[in-house]
Amino acid sequence: TNAHMTELQAAVGVALWETFQERIKQRTRLFNAYYRGLPLTYLGIWDKSDRPNLYKVVAAVPDNWDMAGLAEFLASRKIQLGSKVYDKPAYRIPALAPEYNGVTLPKTESFCAGHFCLPMHNALSTDDAERVAQAITDFHNSSMSSTRKD
């Protein structure tokens, strides 16, 4: 096939097409709940005209956040985050490491250490997304108050 799609893939695409627009609307509603509930920079958005692809919504957090503590805090509220986009920078992947021997990219390292993907699937309700955003805000507020006490 010239489109590089098998007949099975095409059949699945045709079957899903009927629900495609509703899926996009649902993901847009979820994104908007995160957008309203979290600071824009957490969502990797620096301009209000920016919009993600709605496949993954990446949250980048300040360098001083305890990511393990965040995951534990959210788990205590029955919230599981999506996987990271990058667990480590591409130049640290063993197959690429020899090519980039001695290279350090501090901002890349910081991003890889301090990001996660917000839950984003069609079974999630807008109320669920708002609850996730509130839990992240609560973690942030509790982290800030414990930092101030030190």
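Reading the values: the criteria
Numbers given to residues run from 1 along each chain, matching the order in which its sequence is written. Only residues with pLDDT of at least 70 are given local features in this predicted model, and only at 80 or more are side-chain atom pairs given and counted; all residues enter the totals for whole chains, interfaces and linings. Computation of side-chain values covers all heavy atoms of the structure but excludes hydrogens and water. Numbering of helices and strands runs from the N terminus; a helix is a DSSP stretch of H or I covering at least four residues, while a strand is a stretch of E covering at least two. Think of it in three bands: residues with accessible area under 20% of the maximum for their type are buried, residues over 50% are exposed, and the middle band is partly exposed, with areas taken using a 1.4 Å probe on protein chains only. Here, residues are in contact when the closest pair of their heavy atoms is within 4.5 Å. Only the protein chains shown count as cover for residues, and the accessible areas themselves come from Shrake-Rupley with a 1.4 Å probe. Polar contacts, as used here, are pairs of N or O atoms within 3.5 Å; protein pairs need one atom able to donate a hydrogen and one able to accept it. Residues neighboring in sequence count only if both atoms are side-chain atoms. Any carboxyl oxygen of Asp or Glu that lies within 4 Å of a side-chain nitrogen of Lys or Arg is treated as forming a salt bridge with it. The aromatic pairing rule takes the rings of Phe, Tyr and Trp, using the six-membered ring of Trp, and pairs them if the centres are within 6.5 Å, calling planes under 30 degrees apart stacked, those over 60 edge-to-face and the rest tilted.

Q: I'd like a rundown of the overall build of the protein chain, residues and numbers included.
A: Each helix and strand counted, the protein chain has four helices and two strands in total. Shown N-terminal to C-terminal, the secondary structure of the protein chain runs as helices and strands in the order α-β-α-α-β-α. Each of the 150 residues in the protein chain was classed as buried or not, and the buried ones make up 27%. Considering only contacts in the protein chain between residues 6 or more positions apart, those separated by 24 or more positions represent 70%. Split by element, the accessible area of the protein chain, about 10,200 Å² in all, is 56% carbon and sulfur.

Q: Which residues make up the side chain of His-115, and what are the values?
A: With respect to the secondary-structure elements, His-115 resides in strand β2 (residues 115-117). Assessed through its relative accessible area of 0%, His-115 is described here as buried. At 2.9 Å, the side chain of His-115 forms a polar contact with the backbone oxygen of Phe-111. Side-chain polar atoms of His-115 contact the backbone oxygen of Cys-112, separated by 3.4 Å. For His-115, the contacting residues outside a window of four places in its chain are Val-58, Ala-59, Ala-60, Met-67, Lys-84, Val-85 and Tyr-86.

Q: Describe in detail the environment of Pro-89, supporting the description with residues and values.
A: Relative to the elements of secondary structure, Pro-89 occurs in the loop between α2 (67-76) and α3 (106-113). Along the primary structure Pro-89 and Ser-110 are separated by 21 residues, whereas in three dimensions their C-alpha atoms are 9.5 Å apart. With residues up to four places along the chain from it excluded, the contact list for Pro-89 reads Thr-108, Glu-109 and Cys-112.

Q: Please give an account of the pattern of salt bridges that cites residues and values.
A: Inspection of the entire model under this criterion finds four salt bridges. Arg-77 is the partner of Asp-138 in a salt bridge, and the nearest nitrogen-oxygen pair spans 2.7 Å. Of this pair, Asp-138 sits in helix α4 (residues 126-149) while Arg-77 sits in the loop between α2 and α3; the two residues are 61 residues apart in sequence, bridging distant segments of the chain. You can call Arg-77 partly exposed: its relative accessible area is 33%. A salt bridge links Glu-109 to Arg-92; the shortest N-O distance between them is 2.7 Å. Highlighted residues: Glu-109 in helix α3 and Arg-92 in the loop between α2 and α3, separated in sequence by 17 residues.

Q: Tell me about the packing of aromatic side chains, and name the residues and values.
A: Following the criterion strictly, the structure yields four aromatic pairs and no others. Aromatic side chains Trp-17 and Phe-20 sit 5.2 Å apart centroid to centroid with 10° between the ring planes, which places their arrangement in the stacked category. Note that Trp-17 and Phe-20 are positioned in helix α1 (residues 7-37) at a spacing of three residues, about one turn of the helix. You can call Phe-20 partly exposed: its relative accessible area is 36%. With a centroid separation of 5.4 Å and an interplanar angle of 70°, the aromatic rings of Trp-65 and Phe-139 are classed as edge-to-face. Remark: Phe-139 occurs in helix α4 and Trp-65 occurs in the loop between β1 (58-60) and α2; sequence separation between them is 74 residues. For Trp-65, a relative accessible area of 10% translates into the label buried. Phe-139 gets classed as buried once you look at its relative accessible area, which sits at 7%.

Structural measurements only, silent on function.
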